[in-house]
Amino acid sequence: MTIEDLDTEPVDAAPAAAGKGDLDIKANQSFPGVVVRKDLVGRVRGNAVVPGYVLEFLLAQYCATDDEKTIDAGIESVRNILAEHYVNRGEAELVKSRIRDRGRHRIIDKVSVVLDDRKDLHTASFSNLGLKGIAIDDGTVKRHQKLLTGGVWCMADLEYTPGVGNTEDRWIIAGVKPIQLGSFDADQFLLSREHFSTAEWIDLLMQSIGFDPTMLSTRSKLLQLVRLIPFVERNYNLVELGPKGTGKSHIYSEFSPHGMLISGGEVTVPKLFVNNSNGKIGLVGFWDVVAFDEFAGQKRVDKGLVDIMKNYMANKTFSRGIETIGAEASMVFVGNTARPVPAMLAHSDLFEVLPEAYHDSAYLDRVHHYLPGWEVEIIRRELFTSGYGFVVDYLAEALRHMRAQDFSDQYAAHFDLSEDISTRDRDGVRKTFSGLMKLIYPHRQATVEEIEELLHFAIEGRKRVKDQILRIDQTMDAVKFGYSDRSGVWHDVTTQEEVDYPHYYHRDGRTGSSSDTTGDDPAATSATASGLSAATVAPAPKLKTGAVDIPENALGYSYKRLFVPYLEGATKIVIVDPYVRAPHQVLNLADLLMDIAASKPDGDIVEVELHTGQSDDTAERQMLQMTMLDDLKQSVGHAGIELRVLFDAGHDRQITTDTGWRILLGRGLDIFQPTGKMDRFDVRKYLQHYKRSKATTITYLREESSG
């Protein structure tokens, strides 16, 4: 085989599987030929160290189908192509010999070009093959100028003529084709988008990135989409700092041929902007996105570079002598944090890991959005999808097409930003909002509620930047971030860490929020006074009746505080929850039973009757559910909990006790965000109040006869 012709979050596990299959079918029907099963990349990669978009380019030619036999045949074809044409660095000499013997051979390699001013011609270098100084015609270089700025993965036809001149002259480049999509139909893309609901489209984007959408909350999906904004929005400045292993740099190295990832320590003025000695334009002149990896770990920084970057990030221009040059490249800065969020808030700021030259209010004020990397899940195997997503090169072209569009005023018909915010604050909000609109609603068909959600999220990201700047520069004025709707109602915006750690976030009292950090809640006041977050240690119910609303994505909630006080003293407890089926749902029940066991006297026996539904998925899942519940019954029996399971749940989700309490459960016991597989030292495995919540309502009722 050759390449000569190649020119919404589910409530329970059962509906999730069905929804996923429906999405895959719709994706193949709406985007034939440009979607591919995302798990195939790993199957064909082998020892070929090439970006994902290169492999998906090949897979799209042979595996853009949902027919398993065709996929298997296509995978074998791609493997043969890689074996025949991909240049493994350790086999470079073997490939050279093959070209010499055949006279001509097509290879897959990374090609970079320089101008040899002594010979007055362009010459190419092949990264893995090890060839340098090979003449390449000017026409090819003009058509593909990125060859001059770090190199591009290509399919190249090389010829060898023995006995001719110098070594370099014996090699001839007969043709070079960058591995990119040949054409993109924007009208068809927008038309096909209309076939998907908002939730389906976001899930398709998640699968295109490579993640299983059922493992991510709505907020987690938005955080992943922010990483794509630099590809769809011109001159967008993004900072992401967080723990290691969250995939911060992956999206910029593997996702698009229009992005360039460089090490933070390799940044220089000539490489990034312009070399004044020869007038050669740097990376920002040719790439849509320039991302700086390990940005937080730099020791030495060129102050002149910082000044040029400030000007470029603010004005979209840089100078070459007396000439001013404009560029459209977005700038992304990613790095690893050294301490957890509360420690940074308590002792410094959320930019503390940046080099001193960049830890500057004037520089940071150019940042449009701070993506909180600590909220992004650590990459684990179970997060990856086996569903269908866009061939990344196709999606990259779609995003590049949308860069020319402006969606920044789409909220203006419904909402007004605070008059308190500066022009730079407003620009940051508008550009983030515009980017998210292009990603999710490229056809411009969004409801007022959907627009409001994106506007709120965009304001939060800019507020995170500004609130930290206020800690660094005491001369700057605090800003009130929020928006008003057409009825005149004001909506205050807070960051997630402001909600999670209010006493640390507001330690200097200068952040732009009108919310009270403690209110009249004595439990919250006590927590703050003792150095604990009121959100991290949520106040226990005082055995009062009424409803408790649990917000989305909050910390501080646990069964021990929400349920156990109402269950103490009961000898019989009835739990009705139709969806104690999947492994994580059975583990939720186990957590509650453990808390009940810990709260009762050792000599007491408590009967717990569970009414639930049987898994209606495969026989294997039914057996797993039965086995886990039986194992749980045996385990808690040692602690005086007699568990009885009845598969007859046709009632409202609730907990009742023989002491007269009835607790209505909006979502059943499943009130926490998915966490995936946790290692044995993950604090969330042992302390529920470190898990993020799902939005739900719990209502406490007292039977009249119980007093």
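Structure shown above.
Residues numbered from 1 in each chain as written. Predicted model: local features only at pLDDT ≥ 70, side-chain atom pairs only at ≥ 80, totals over all residues. Heavy atoms only, no water.

A few words on the overall build of the protein chain. If you tally the helices and strands in the protein chain, you get 26 helices and 26 strands. Split into buried and exposed, the 707 residues of the protein chain put 52% on the buried side. When the accessible surface of the protein chain is summed, it comes to about 30,600 Å², and 49% of that surface belongs to carbon and sulfur atoms. (Helix = DSSP H or I, 4+ residues; strand = E, 2+ residues; numbered from the N terminus. Buried < 20%, exposed > 50% of the residue type's maximum accessible area, 1.4 Å probe, protein only. Areas by Shrake-Rupley, 256 points an atom, 1.4 Å probe, with all protein chains shown as cover.)

Another point: helix H17 (residues 392–402). Where burial is concerned, most of H17 is hidden: nine out of the eleven residues are buried. Those residues of H17 not exposed but buried are Val392, Asp393, Tyr394, Leu395, Ala396, Glu397, Ala398, Leu399 and Met402. Its buried side turned inward, H17 meets helix H3 (52–62), helix H8 (186–193), helix H9 (198–209), helix H11 (229–232), strand S16 (388–390) and helix H18 (423–440). (Contact = heavy atoms within 4.5 Å.)

For the rest of this paragraph, the subject is the sheet that holds strand S3 (residues 121–126). Note on sheets: strands pair through backbone hydrogen bonds, and any given pair is parallel or antiparallel. Read across the sheet, five strands follow the order S4-S3-S2-S5-S6 without closing on themselves; strand pairing throughout is antiparallel. Because the sheet does not close on itself, it has two edges, and the strands there are strand S4 (134–135) and strand S6 (171–178). Pairing of strand S5 (residues 152–160) with S6, which is carried by seven bridges, proceeds in the antiparallel orientation. Residue pairing for S6: Cys154 is matched across the bridge by Pro178. Across the sheet, helix H5 (residues 92–102) lies against strand S2 (104–116), S5 and S6, angled at about 105° from S2, the strand it touches most. (Pairing = 2+ DSSP bridges. Axes fitted to C-alpha atoms, helices over the stretch in contact; angles between N-to-C directions.)

Below, the discussion takes up the pairing of strand S24 (residues 654–657). Where a strand is regular, its side chains alternate between the two sheet faces. Examined bridge by bridge, strand S21 (residues 572–576) and S24 share four bridges and lie antiparallel to one another. Bridge assignment links Val574 to a residue of S24, and that residue is Thr656. With three bridges joining them, S24 and strand S25 (residues 661–665) adopt antiparallel strand pairing. What sits directly across from Gln654, in S25, is Leu664. Linking S24 back to S25 in an antiparallel pair, the connection comprises three residues, with Gly660 at a positive phi of about 105°.

Moving on: unusual backbone geometry. Although it is not a glycine, Asp120 sits at a positive phi angle of roughly 60°. Phi at Asn553 takes a positive value of approximately 70°, unusual for a residue other than glycine. Owing to a relative accessible area of 6%, Asn553 belongs among the buried residues under this scheme.

As a further point, take the packing of aromatic side chains. In the structure shown here, the tally under the stated rule is 35 aromatic pairs. An angle of 65° between the planes, with centres 4.9 Å apart, marks the rings of Tyr358 and Tyr363 as edge-to-face. Here Tyr358 matches Tyr363 in class, with each residue buried. One aromatic cluster is present, built from ring pairs that chain together Phe31, Phe184, Phe189, Phe196, Trp201, Phe390 and Tyr394. One Lys or Arg, Lys26, reaches over the ring of Phe196 and ends 5.6 Å from the middle of that ring. The ring of Phe407 is capped by Arg444, whose NZ or CZ atom sits 3.8 Å from the centre of that ring. (Phe/Tyr/Trp six-rings, centres within 6.5 Å; stacked < 30°, edge-to-face > 60°. Lys NZ or Arg CZ within 6 Å of the ring centre and 35° of its normal.)

Let us look at the packing of helix H25 (residues 583–599) against helix H26 (residues 619–637). Closest axis-to-axis distance for the H25/H26 pair is 10 Å, and the angle between their directions is 15°. Taken together, the axes of H25 and H26 are roughly parallel relative to one another. Remark: the crossing between H25 and H26 carries right-handed chirality. Of the residues in H26, those in contact with Pro583, Val586, Leu589, Ala590, Leu593 and Met594 of H25 are Leu624, Met628, Leu629, Leu632, Ser635 and Val636. Grouping the amino acids of the contact of H25 with H26 by side-chain chemistry returns eleven nonpolar, one polar and no charged. (Parallel < 35°, antiparallel > 145°, perpendicular 65-115°, else oblique. Left-handed = near helix turned anticlockwise from the far one by under 90°. Nonpolar A, V, L, I, M, F, W, Y, C, P; charged D, E, K, R; others polar.)

This next bit is on the nonpolar core. Counting 90 residues, the largest nonpolar core has Phe31, Leu225, Leu228, Tyr252, Phe390 and Leu455 as its most contacted members. Ranked by residue count, the leading element in this core is H3, at seven residues. Contacts of Tyr252, omitting those with residues within four sequence positions, involve Arg227, Pro230, Phe231, Leu238, Gly259, Met260, Leu261, Val289, Ala291, Val332 and Val334. Phe126, Ala156, Val306 and Leu350 belong to the second largest nonpolar core, which has 70 residues in total. (Core = buried A, V, L, I, M, F, W, Y, C linked by side-chain atoms within 4.5 Å.)

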